[in-house]
Amino acid sequence: MEKWIIHFMEQYGYFGIAWLIFLENVFPPIPSEIILTFGGFMTTKTDITFVGVVITSTVGSVIGAIALYGIGIWIGENKLYKLVQKYGKFLRVTTDDLTKTFNWFERYGYWTIFFCRFIPLIRSLISIPAGITRMNIWIFIIFTTIGTLLWNIVLIYLGQTVGGNWHVIVNYMDIYSKIIYVLLLLLVIYILFKWLKRIRQK
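Calculation criteria
Residues numbered from 1 in each chain as written. Predicted model: local features only at pLDDT ≥ 70, side-chain atom pairs only at ≥ 80, totals over all residues. Heavy atoms only, no water. Axes fitted to C-alpha atoms, helices over the stretch in contact; angles between N-to-C directions. Helix = DSSP H or I, 4+ residues; strand = E, 2+ residues; numbered from the N terminus. Parallel < 35°, antiparallel > 145°, perpendicular 65-115°, else oblique. Left-handed = near helix turned anticlockwise from the far one by under 90°. Contact = heavy atoms within 4.5 Å. Nonpolar A, V, L, I, M, F, W, Y, C, P; charged D, E, K, R; others polar. Polar contact = N/O pair within 3.5 Å; in protein donor to acceptor, adjacent residues only side chain to side chain. Core = buried A, V, L, I, M, F, W, Y, C linked by side-chain atoms within 4.5 Å. Buried < 20%, exposed > 50% of the residue type's maximum accessible area, 1.4 Å probe, protein only. Patch = residues over 30% accessible without salt bridge, like charges linked within 9 Å, V, L, I, M, F, W, Y side chains within 5 Å. Areas by Shrake-Rupley, 256 points an atom, 1.4 Å probe, with all protein chains shown as cover. Salt bridge = Lys/Arg side-chain N within 4 Å of Asp/Glu carboxyl O. UniProt positions renumbered as here; feature names shortened; annotations may be inferred. Phe/Tyr/Trp six-rings, centres within 6.5 Å; stacked < 30°, edge-to-face > 60°. Expected span 1.5 Å × (residues − 1).

A. View of the packing of helix 2 (residues 32–42) against helix 7 (residues 137–162). Relative orientation of the contacting elements helix 2 and helix 7 amounts to 50 degrees, with a least axis distance of 6 Å. Here helix 2 is positioned oblique relative to helix 7, judged by the angle of their axes. For helix 2 against helix 7, the interelement crossing comes out right-handed. On helix 7, the residues that touch Ser-32, Glu-33, Leu-36, Thr-37, Gly-40 and Phe-41 of helix 2 are Trp-151, Asn-152, Leu-155, Ile-156, Gly-159 and Gln-160. Across the contact of helix 2 with helix 7, the residue classes break down as five nonpolar, six polar and one charged.

B. Inspection of the side chain of Ser-57 at higher detail. Here Ser-57 shows up in helix 3 (residues 50–91). Of the polar contacts made by the side chain of Ser-57, one reaches the backbone oxygen of Val-54; its length is 3.1 Å.

C. Just unusual backbone geometry, in detail. Phi is positive for Arg-134, close to 55 degrees, though the residue is something other than glycine. Note on placement: Arg-134 falls in the loop between helix 6 (127–132) and helix 7.

D. Region of the structure containing the nonpolar core. By size, the foremost hydrophobic cluster in this structure holds 22 residues, and its most contacted members are Ile-5, Met-9, Leu-20, Ile-35, Leu-36, Phe-38 and Trp-166. Once residues within four sequence positions are removed from consideration, Ile-35 is found in contact with Ile-5, Met-9, Ile-17, Leu-20, Ile-21, Glu-24 and Ile-30. Judged by nonpolar contacts, the second largest core, of 13 residues, contains Ile-113, Phe-114, Met-135 and Phe-143.

E. Just a nonpolar patch on the surface, in detail. Taken together, the side chains of Ile-175, Ile-179, Val-182, Leu-183, Leu-185, Leu-186 and Ile-189 present a nonpolar region at the surface, about 660 Å² in accessible area. Its place among the elements puts Ile-175 in helix 8 (residues 166–201). Take Ile-175: its relative accessible area is 46%, and that puts it in the partly exposed class.

F. Representation of the UniProt feature "transmembrane region" (unreviewed entry) in the chain within the structure. Residues given the UniProt feature "transmembrane region" (unreviewed entry) here are residues 12–36, 48–75, 108–126, 138–159 and 179–196. Across residues 48–75, helical content stands at 93% and strand content at 0%; the span's end C-alpha atoms are separated by 39 Å.

G. Layout of helix 2. Of all 11 residues in helix 2, 11 are buried; the element is thus mostly enclosed. By the burial criterion, the buried members of helix 2 are Ser-32, Glu-33, Ile-34, Ile-35, Leu-36, Thr-37, Phe-38, Gly-39, Gly-40, Phe-41 and Met-42.

H. Region of interest: the packing of aromatic side chains. By the definition in use, this model includes 12 aromatic pairs. Consider the rings of Trp-111 and Phe-114, whose centres lie 6.0 Å apart with planes at 85 degrees: the pair is edge-to-face. With Trp-111 and Phe-114 both in helix 4 (residues 95–116) and three residues apart, the pair spans about one turn of that helix. In this structure Trp-111 comes out as exposed when scored by relative accessible area, which is 52%. Judged by relative accessible area, which is 12%, Phe-114 ranks as buried.

I. The environment of Val-54, seen in detail. Within the fold, Val-54 resides in helix 3. For Val-54, a relative accessible area of 8% puts it in the buried group. Taking the C-alpha atoms as reference points, Val-54 and Tyr-14, 40 residues apart in sequence, are found 9.7 Å from one another. Sequence-distant contacts of Val-54, that is, excluding residues within four places in its chain, are made with Leu-149, Asn-152, Ile-153 and Ile-156.

J. Summary view of helix 7. If you check helix 7, its first and last C-alpha atoms are 37 Å apart, about what 26 residues at 1.5 Å a residue would give, namely 38 Å. Buried within helix 7 are the following residues: Phe-140, Ile-141, Phe-143, Thr-144, Gly-147, Thr-148, Trp-151, Asn-152, Leu-155, Ile-156 and Gly-159. The N-cap residue of helix 7 is Asn-136: its side-chain oxygen and the backbone nitrogen of Trp-138 are 3.0 Å apart. A positive phi of about 60 degrees marks Gly-163, the residue just after helix 7.

Shown next, in the form of structure tokens:
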């Protein structure tokens, strides 16, 4: 996949960067680390500029986030409530649990959107609950844009700074991603433990 990404970026320049970052948002297995760090490297060897890479990658990312936000709207609260009412008893999830979750997201959702832009995989998926809860679209775009902009600037700058050694940054980001995945796994295990404990108490 890496060779294809590099070839696509070299062939299509700014458009290639925007398109790949858009795809990375709706299809997380595509690594943004490669796109952004190699984009930074390209600024040292081609007529592509740092500002140009930052703008196009941010635009592509925000459009992808809006697409997932739209999917969240399509799913909607009503469908989730119907699913919980129908199957919630098997998972020990009630409509009250769902309501509390939505209330929490409505209260802290904006900052959640911002900080999640720095977490692999979650950075894309977080747009869906934002759509489900119908978070104010302009606030969503602002927080998404700011978080995305910071993430993109850092990786593009690092790619530009190390130049031909941009793979080093990708390797470090791979380690960072693995650490995040381990932490997420531990969180899931903890949640499952609490869930099983609650079931046993009933």
